[in-house]
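# Reading the structure
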Amino acid sequence: MESLYDYGSRAGYWRLYNIFTNKYPHFPITVFAVGMALERNPSVCSSLKHAIHTNKWEVASHGYRWWDYQNVPMDVEREHIRRAVRIHEKLLGVRPVGMYQGKPNVNTRQLVIEEGGFLYDSDAYDDDLPYWTMEYGNDDRPHLIIPYTLSENDMRFAIPNGFSHGQEFSTYLKDSLSYLLEEARVTGQCKMMNVGLHCRLVGRPGRAKGLEEFLEYVNSLGDDEVWVTTRAEIAKHWYKHHYPTGRHGGRSSL
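Residues numbered from 1 in each chain as written. Predicted model: local features only at pLDDT ≥ 70, side-chain atom pairs only at ≥ 80, totals over all residues. Heavy atoms only, no water.

A tally of regular secondary structure across the chain gives eight helices and seven strands. What you see for the chain is a C-alpha radius of gyration of 18 Å, in line with the 18 Å of a compact globule of 254 residues. By its C-alpha atoms, the chain is 45 × 45 × 40 Å across when sized along the principal axes. Taken over 254 residues, the chain has a buried fraction of 45%. Within the chain, residue pairs in contact and separated by at least 24 positions form 69% of the contacts whose partners lie at least 6 positions apart. Split by element, the accessible area of the chain, about 13,300 Å² in all, is 50% carbon and sulfur. (Helix = DSSP H or I, 4+ residues; strand = E, 2+ residues; numbered from the N terminus. Rg over C-alpha atoms; globule rule 2.2 N^0.38 Å. Buried < 20%, exposed > 50% of the residue type's maximum accessible area, 1.4 Å probe, protein only. Contact = heavy atoms within 4.5 Å. Areas by Shrake-Rupley, 256 points an atom, 1.4 Å probe, with all protein chains shown as cover.)

Shown next as structure tokens:
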């Protein structure tokens, strides 16, 4: 099982790195990085530092360990969040402003807010657009949630009745984006589309081919139709244009 993950760091990561730095260098991305994985992959860290400065990538925290934190004691998770931040600062030269624990518990968001320094977290799947919450007693300062997705996600290569080859992945992503664009044209409201990628999954050659087909479709639409950006930039946009004026925050209807 471990070797499935090793494929991501040994081969898949570098294939995706080439796609996004050489073939589509104008598409900045957000990388969710596990702290311990950064410590164990110095060559990946060096490449990430380069992409942060050259390609405007964001590296968000994916926690310190790839654990299910459901039953992890609060003090342990608190220390893991802090340790992950220190690792980012030490190895990448910049602290993370986004957090996606992946397998959180009822305390995770409170601990993220307590740590401070985060613009957003993405441990949610419950909306199409970012939204604010005031539910964590954070001194009347709203906390931004940028939902993630398990739909437009290459994890569906690894589940029954999911994607069987790269063309299916590409077609599904194109259909999702074209539908959102049509909705936006009709309603005049902006839309957001996540695409979740894993080095060990879409980093396989045939699947990477499907990803490139989708990226070429996005590229053909131009900047007037689609803004390809990082989650950090989306967060900054939300803080600037959709900061809540009421006590209860909530979702933004655009």
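Judged by nonpolar contacts, the single largest core of 36 residues is most densely connected at I19, F20, L48, W57 and L215. Of all the secondary-structure elements, those providing two or more residues to this core are α1 (2-23), β1 (30-33), α2 (35-40), α3 (42-54), α4 (74-92), α6 (166-187) and α7 (205-221). Residues in contact with I19, not counting those within four places in the same chain, are Y24, A208, L211, E212 and L215. One finds Y120, L129, M192 and W238 within the second-largest nonpolar core, a separate group that totals ten residues. (Core = buried A, V, L, I, M, F, W, Y, C linked by side-chain atoms within 4.5 Å.)

For the rest of this paragraph, the subject is the environment of N22. You can see N22 is positioned in helix α1. Residue class for N22 comes out exposed when judged on its relative accessible area of 54%. Put simply, N22 and I113 are 91 residues apart on the chain and 36 Å apart in space, counted from C-alpha to C-alpha. Among the polar contacts listed, one links the side chain of N22 to the side chain of N18, at a separation of 2.6 Å. (Polar contact = N/O pair within 3.5 Å; in protein donor to acceptor, adjacent residues only side chain to side chain.)

Only one face of β1 is covered, namely the face carrying V31 and A33; the face carrying T30 and F32 is uncovered. Of the pairings in the sheet, the one linking β1 to strand β2 (residues 58-61) comprises four bridges and is parallel in character. The residue of β2 that forms the bridge with F32 is A60. (Pairing = 2+ DSSP bridges.)

Moving on: the pattern of salt bridges. Counted by the stated rule, this structure contains eleven salt bridges. Each of the salt bridges in this network shares a partner with another, and the network as a whole consists of R78, R82, E114 and E115. (Salt bridge = Lys/Arg side-chain N within 4 Å of Asp/Glu carboxyl O.)

Applying the stated rule across the entire model yields 17 aromatic pairs. On the basis of an interplanar angle of 70 degrees and a centroid distance of 6.0 Å, the ring pair of W14 and Y17 is categorised as edge-to-face. Of this pair, W14 and Y17 both sit in helix α1, three residues apart, roughly one helical turn. On the basis of relative accessibility, which here comes to 32%, the residue W14 falls in the partly exposed class. Relative to Y172, the ring of F163 lies with its centre 5.7 Å away and its plane at 55 degrees, an arrangement referred to as tilted. An aromatic cluster of at least three residues, connected via ring pairs, comprises Y13, W14, Y17 and W57. The cationic tip of R83 hangs over the ring face of Y64; the distance from NZ or CZ to the ring centre is 4.6 Å. The cationic tip of R156 hangs over the ring face of F163; the distance from NZ or CZ to the ring centre is 4.5 Å. (Phe/Tyr/Trp six-rings, centres within 6.5 Å; stacked < 30°, edge-to-face > 60°. Lys NZ or Arg CZ within 6 Å of the ring centre and 35° of its normal.)

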